[in-house]
Amino acid sequence: MSRSTPAACLLTTRRALNILRVMNSSTEELHGPAVRVKGLRVVRGGNVVLPDLSCEVEGGRVTGMLGPSGSGKSTFLRTVVGVQRVAGGTVEVLGRPAGSPALRARVGYMTQAPSVYGDLTIRENLRFFARVLGAPGSAVQKAIDEVSLIEFGDRVVNRLSGGQRARVSLAAALLGSPELLVLDEPTVGLDPVLRRDLWTLFHQLASDGRTLLVSSHVMDEADRCDALLLLRDGRLLAQDTPAAIRARTGAEQLDEAFLRLVES
Amino acid sequence: MRALAVVARVLSQLRRDPRTVALIVCVPMLLETLLKEIFADRPEVFQHTGAPLLGLFPFVTMFLVTSITMLRERTTGTLERLMASPLRKLDLLAGYGGAFAVVAVFQAGAVSALGFGALGLEVAGPKVLVAALAVGNAVLGTALGLFVSAFAETEFQAVQFMPAIVFPQILLCGLLVGRGQMADWLRWISDALPLTYAYDALAHTAADTLDGRFALDVGVVCGCILLALSLGAATLRRRTG
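About the thresholds
Residues numbered from 1 in each chain as written. Chains lettered and ligands numbered in written order. Predicted model: local features only at pLDDT ≥ 70, side-chain atom pairs only at ≥ 80, totals over all residues. Core = buried A, V, L, I, M, F, W, Y, C linked by C-beta atoms within 7 Å. Buried ≥ 20, exposed ≤ 12 C-beta atoms within 10 Å, placed from the backbone. Helix = DSSP H or I, 4+ residues; strand = E, 2+ residues; numbered from the N terminus. Contact = placed C-beta atoms within 7 Å. Pairing = 2+ DSSP bridges. Axes fitted to C-alpha atoms, helices over the stretch in contact; angles between N-to-C directions. Parallel < 35°, antiparallel > 145°, perpendicular 65-115°, else oblique. Left-handed = near helix turned anticlockwise from the far one by under 90°. Nonpolar A, V, L, I, M, F, W, Y, C, P; charged D, E, K, R; others polar.

A few points about the nonpolar core
Val80(A), Leu126(A), Ala171(A), Val182(A) and Ala198(B) are the most contacted members of the largest nonpolar core, which totals 138 residues. Per element, the largest residue contribution to this core is 14 residues, and it comes from helix H6 (residues 127-148) of chain B. For Val182(A), the residues in contact, after removing those within four places along its chain, are Leu77(A), Val80(A), Val81(A), Val107(A), Gly108(A), Tyr109(A) and Leu213(A).

What about unusual backbone geometry?
Positioned with a positive phi, Ser148(A) is a non-glycine residue whose angle comes to about 55 degrees. Relative to the assigned elements, Ser148(A) resides in the loop between helix H4 (138-146) and helix H5 (162-174). A residue is classified by how many C-beta atoms lie within 10 Å of it, and Ser148(A), with 16 of them, is partly exposed. One non-glycine residue, Asp208(B), adopts positive backbone phi at about 55 degrees. Relative to the helices and strands, Asp208(B) resides in the loop between helix H9 (194-206) and helix H10 (212-235). Judged by local crowding, Asp208(B) falls into the exposed class, with 12 C-beta atoms found within 10 Å.

Details of the interface of chain B and chain A
Between chain B and chain A, the residue contacts involve 22 residues of the former and 25 residues of the latter. Of all the secondary-structure elements, those providing two or more residues to the side of chain B that touches chain A are helix H1 (2-15) and helix H4 (78-83) of chain B.

Remarks on the sheet that holds strand E7 (residues 180-184) of chain A
Residue and element names in this part refer to chain A. The six strands are arranged E6-E7-E8-E3-E9-E10 in an open sheet whose pairing can be described as mixed. The open sheet is flanked by strand E6 (107-110) and strand E10 (235-240), the only strands paired with a single partner. Ignoring which end each strand starts from, the neighbouring axes of this sheet average 15 degrees apart. Note: E6 against E7, four bridges, orientation parallel. Paired with glycine 108 across the strands is leucine 181, a residue of E7. Most of the contacts of helix H6 (residues 192-207) go to strand E8 (residues 211-216), to which it runs at about 155 degrees, and overall it touches strand E3 (62-66), E7 and E8.

Overview of the packing of helix H3 (residues 122-133) of chain A against H1(B)
Each pair of packed helices can be described by the angle between their axes along with the distance between the axes. It is at 9 Å that the axes of H3(A) and H1(B) come closest, and there the two elements cross at 165 degrees. The angle between H3(A) and H1(B) places the two elements in the roughly antiparallel class. Every pair of crossing elements has a handedness; the one defined by H3(A) and H1(B) is left-handed. Listed contacts from H1(B) to Glu124(A), Phe128(A), Arg131(A) and Val132(A) of H3(A) are Arg2(B), Ala5(B), Arg9(B) and Ser12(B). Its residues assigned to classes, the contact of H3(A) with H1(B) shows three nonpolar, one polar and four charged.

Looking at the sheet that holds strand E5 (residues 96-97) of chain A
The pairing of strands in a sheet happens through backbone hydrogen bonds and is either parallel or antiparallel. Residues and elements named next belong to chain A. Judged by pairing direction, the sheet is antiparallel, and its four strands sit side by side in the order E2-E1-E4-E5 without closing on themselves. What marks the edges here is a single partner per strand, and that holds for strand E2 (47-58) and E5. Pairing of strand E1 (residues 33-44) with strand E4 (residues 88-93), which is carried by five bridges, proceeds in the antiparallel orientation. Across the sheet, valine 37 pairs through a bridge with valine 91, a residue of E4. Docked against the sheet, helix H2 (residues 73-81) engages E1, E2 and E4, running at close to 120 degrees with respect to E1.

What to know about the pairing of E2(A)
Residues and elements named next belong to chain A. Of the strand pairs in this sheet, E1 and E2 are connected by eight bridges, and their pairing is antiparallel. Paired with valine 37 across the bridge in E2 is cysteine 55. Connecting the antiparallel pair E1 and E2 is a turn made up of two residues, with glycine 45 showing a positive phi of about 55 degrees.

Below, the structure written as structure tokens:
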């Protein structure tokens with residue numbers, strides 16, 4: 001096999017250029033914002049939940065959306081996933097309008113209440129969601145391992161504890177390796193060891209180039225995030241890294257920083 | 001392919017609930033037996049109504065089971081998860097229809113075996129057609145159940161849709177009183193109800209008069225299934241308030 005003909009050379013060059021182009025576009029996606037929100041307004045049942053919200057979520061990072069319950073976190077996450085009716089503004093996800101059919105396989109979503117079938121086993125649940133997403137069968141075991149439910153795979157979900165059920169719901173969101181993971185309070189009610197393990201998993205996923213948007217009403221989780229969106233009464237108090245928020249408010253604890261931001 | 005995933009999932013949910021499956025299969029057998037026994041001294045009544053009733057049971061059962069299952073899907077958030085996924089609405093509806101048709105095959109098979117066997121029910125037309133129409137009616141019940149589940153917020157409400165939507169159709173379909181004996185306005189309402197055609201197809205099969213009217217009946221039932229499924233699809237919203 002001779003590789004020195006001009007045609008072969010041209011072919012190799014073209015291939016190299018293609019590889020470069022692919023690398024280029026993927027780095028662009030990694031470092032550009034994965035979610036871009038401008039002037040978002042959401043009204044639910046006659047109440048204005050989000051009056052006018054603008055923010056960005058960087059790709060390849062773990063962004064925490066923190067705020068007290070009722071501040072509009074879930075509504076915001078629902079908008080990013082594209083299941084929330086919107087009254088105004090634009091929400092762009094991975095370069096497309098939120099909710100676009102092309103995004104449905106690229107965005108993983110974990111709702112606040114565990115949304116899995118209580119009368120099926122963990123494996124049956126995940127097998128179903130994997131088939132819906134077109135994910136390979138091997139994704140099921142991988143997701144079970146990732147949320148540390150290995151010994152419960154064949155247990156019916158209704159027989160699990162609340163925290164275990166939440167992890168099944170998280171596992172369903174991990175199926176199909178989505179580029180953006182939107183997780184609504186994934187660590188609520190979990191013991192500290194499990195919480196630490198899940199945050200380690202989130203950062204692993206981010207270092208693989210995936211983007212995570214995680215909500216929590218527990219302020220001590222803020223320090224585990226690469227970037228924060230602090231929300232109160234549907235308004236953004238701050239949008240920065242934990243260190244920058246500390247520096248700006250002069251507060252040691254992020255809880256204290258939140259208070260200072262509210263009062264300023 | 002994705003519709004098949006839904007079929008498999010609904011069937012495994014039912015497999016975990018053997019009591020419901022037992023009720024689905026055994027209750028119609030019990031009712032069919034009671035029908036024969038209460039008319040023990042007038043066997044012609046059982047011979048006249050036995051076959052149509054056999055074909056209508058799956059409609060009632062599947063309507064109820066489907067509307068509750070779908071309501072549960074809406075209230076537990078699994079529907080929201082599915083609406084955020086690449087699953088098409090049609091896949092979901094077809095999956096439900098397919099799964100409950102499979103259940104109806106067992107139900108209709110068991111009631112037919114009992115009716116045409118031990119209870120001595122006779123029909124002039126093909127018995128297998130009675131069972132096939134029963135399965136078709138099950139799909140009609142499923143399609144209607146999917147649609148009305150959108151209008152129920154609780155399981156209490158969903159259960160009430162059964163007397164509200166199913167019972168009037170049974171009263172007016174011609175099973176209890178011949179449509180010819182009804183007042184005009186009742187017959188007009190009866191003309192507009194899908195179960196009238198489902199019953200008529202069964203009656204024609206029992207009498208072995210598989211004529212143009214029978215073909216029309218089957219056509220109307222199929223049309224109603226498609227209509228209910230598309231109305232059901234319209235109630236499935238990707239975005240909610």
